[in-house]
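# Remarks on the overall topology
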Amino acid sequence: MQPQPGIAPTTRPTAGTLFAALYGELTPHAWHDPEHDAYQLFYQRSLAMGWLEEQTAGGPGLWAMNDAGSHPQAAPGTGRVSWFQVEAGAVAGERPLPVQQFLRCAQDVTARIGTLRLSSVRVLLPVQGIDPAARPACAAVPSMLTVDWFGARDPAARTPVGVRIGSGRDPVIPAVGRQLAQDLRDLEQDVFTCGDDDVAAHGMTLRGELAEWSCDAVGWLAATVADCAARLGVRSPLSLTVTAQSAAGGL
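Residues numbered from 1 in each chain as written. Predicted model: local features only at pLDDT ≥ 70, side-chain atom pairs only at ≥ 80, totals over all residues. Heavy atoms only, no water.

Taken as a whole, this structure holds nine salt bridges when the rule is applied. Here arginine 135 makes a salt bridge to aspartate 227, at a shortest N to O gap of 2.8 Å. Placement of arginine 135 in the loop between strand S4 (114-125) and strand S5 (159-166) and of aspartate 227 in helix H4 (residues 215-231) is noted, with a sequence separation of 92 residues between them. The buried category is assigned to aspartate 227, whose relative accessible area is 2%. When the shortest N-O distance is used, the salt bridge between glutamate 209 and arginine 158 registers 3.1 Å. Placement of the pair is glutamate 209 in strand S7 (residues 203-210) and arginine 158 in the loop between S4 and S5, with a sequence separation of 51 residues. Bridged by salt links that share partners, the residues Arg45, Arg104 and Asp108 form one connected network. (Salt bridge = Lys/Arg side-chain N within 4 Å of Asp/Glu carboxyl O. Helix = DSSP H or I, 4+ residues; strand = E, 2+ residues; numbered from the N terminus. Buried < 20%, exposed > 50% of the residue type's maximum accessible area, 1.4 Å probe, protein only.)

Bringing the environment of glycine 151 into the picture now. Checked against the element boundaries, glycine 151 lands in the loop between S4 and S5. The exposed category is assigned to glycine 151, whose relative accessible area is 58%. Between the C-alpha atom of glycine 151 and that of aspartate 190, which follows or precedes it by 39 residues, the distance is 8.7 Å.

Moving on, we get to the sheet that holds strand S6 (residues 192-200). Read from one edge to the other, the open sheet built from eight strands follows the order S2-S3-S1-S4-S8-S5-S7-S6, with strand pairing classed as antiparallel. Strands with a single pairing partner mark the edges of an open sheet, and in this sheet they are strand S2 (63-70) and S6. For this sheet, the mean angle separating the axes of adjacent strands, direction not counted, is 20°. Packed on one face of the sheet, helix H3 (residues 172-186) meets S5, S6, S7 and strand S8 (238-244) and runs near 165° to S6. (Pairing = 2+ DSSP bridges. Axes fitted to C-alpha atoms, helices over the stretch in contact; angles between N-to-C directions. Contact = heavy atoms within 4.5 Å.)

Looking now at the side chain of histidine 32. Checked against the element boundaries, histidine 32 lands in the loop between strand S1 (14-28) and helix H1 (38-48). For histidine 32, the side chain forms a polar contact with the main-chain oxygen of histidine 36, separated by 3.4 Å. Look past the residues within four positions of histidine 32 in its chain and what remains in contact with it is Leu41, Arg112 and Ile113. (Polar contact = N/O pair within 3.5 Å; in protein donor to acceptor, adjacent residues only side chain to side chain.)

A few words now on the side chain of glutamate 53. Counting through the fold element by element, glutamate 53 comes out in the loop between H1 and S2. Only 3.2 Å separates the side chain of glutamate 53 from the backbone nitrogen of glycine 61, close enough to count as a polar contact.

This part takes up the packing of aromatic side chains. Under the counting rule described, the total for this entry stands at six aromatic pairs. Between tryptophan 51 and tryptophan 63, the ring centres sit 5.8 Å apart and the planes meet at 55°, which makes this aromatic pair tilted. Within this pair, whereas tryptophan 51 is found in the loop between H1 and S2, its partner tryptophan 63 is found in strand S2, the two being separated by twelve residues in sequence. Of the two residues, tryptophan 51 and tryptophan 63, both sit in the buried class. By the ring-pair criterion, three or more aromatic residues cluster together here, those being Phe42, Trp51, Trp63, Phe84 and Phe102. (Phe/Tyr/Trp six-rings, centres within 6.5 Å; stacked < 30°, edge-to-face > 60°.)

As a further point, take H3. End to end, H3 covers 21 Å across 15 residues, agreeing with the expected 21 Å (1.5 Å per residue, within 8%). Considered for burial, the residues of H3 that qualify are Val172, Ile173, Val176, Gly177, Leu180, Ala181 and Leu184. If you follow the buried residues of H3, they end up packed against S5, S6, S7, H4 and S8. (Expected span 1.5 Å × (residues − 1).)

Right, let's talk about H4 for a bit. Compared with an ideal rise of 1.5 Å per residue, which puts 17 residues at 24 Å, H4 spans 24 Å between its outermost C-alpha atoms and is within 8% of the ideal. When you tally the buried positions in H4, you get 16 out of 17 residues, the bulk of the element. Downstream of H4 by a residue or two, glycine 233 has a phi angle that is positive, lying close to 100°.

Across the protein, the average pLDDT comes to 89, with 88% of residues at or above 70. Throughout residues 1-10 the model reports pLDDT below 50, and contacts reaching past four residues in sequence, or to other chains, amount to six contacts. Across residues 247-251, where pLDDT falls below 50, the model places 16 contacts with residues more than four positions away in sequence or in other chains. (pLDDT = per-residue confidence, 0-100.)

Structure follows, in C-alpha cells:
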C-alpha cells in the first residue's frame, strides 16, 4: 500500500466491512454457558477453520475479527437472534467474497448457543472490494466454480425465497437492477433460480428458489450477486436480505 494519512504502509489491504444478521427464533441450550458469547465463539470457530486474520499466524486469513452478539430472547420468528461483523481481507482475483464461509461460521456459532429456526438472513456486502478486471476468464464469477457442492442435495429441499437488494441512497441498483436480474438468470446454475423481479427507488426484489434453506446457500447467492453487481459497475456496499417464503425453513 502507498502511505496515506492514518494508514501504516505495512497494513494489509482489505475489501471492507462484512456484516451479517440472522433472524428467526433461537431457543438457548439448557447447557449453554453465557460466558461463551457470540464474539468468543465466532473468534474460536474462525480460528479453528483457518479463516481468521491472525498477525501471529504467519499468513493472511479471510477476515479480521470486529464484533458479534446474540439475542436469544428476540421476538419469535422475526427477531434478530445473532449478528456478526468482520473486516474482510482483500479478495483474490479467482476467489469470491468469503460470504459463504462467513455465514457458515455465523450459523455454527448460533447453533452453539441454541436451536435456531431461521427465517431470514441479512448481509452487508463490500462490493467496492471486488475488482472485476482482476478476474481470470475461467472465474469471471468465481462462485460458479463451486455449484457442484449443491448438486447432491435432496430435491425436496428447494425453498421459495424473496431476495431484497439495496444500495442505500446510491441509486445504482435501480439503474442496473433489470440487467442484474437477467445476468443471474443467464448463469448456468440452479442454486438460485430467479423468477420475477421488481425495481424500486432504492433497491430491488427478486423472487425465486434456493437449492436449500441454509446459510451455505444464502452465502453462495450473496457472493454471486456481489460479483454480478461489480461487473455492472457497482462500486458501493450493498445490503442483501434473503427471506424464506415457507414455514418449513429451519436449521
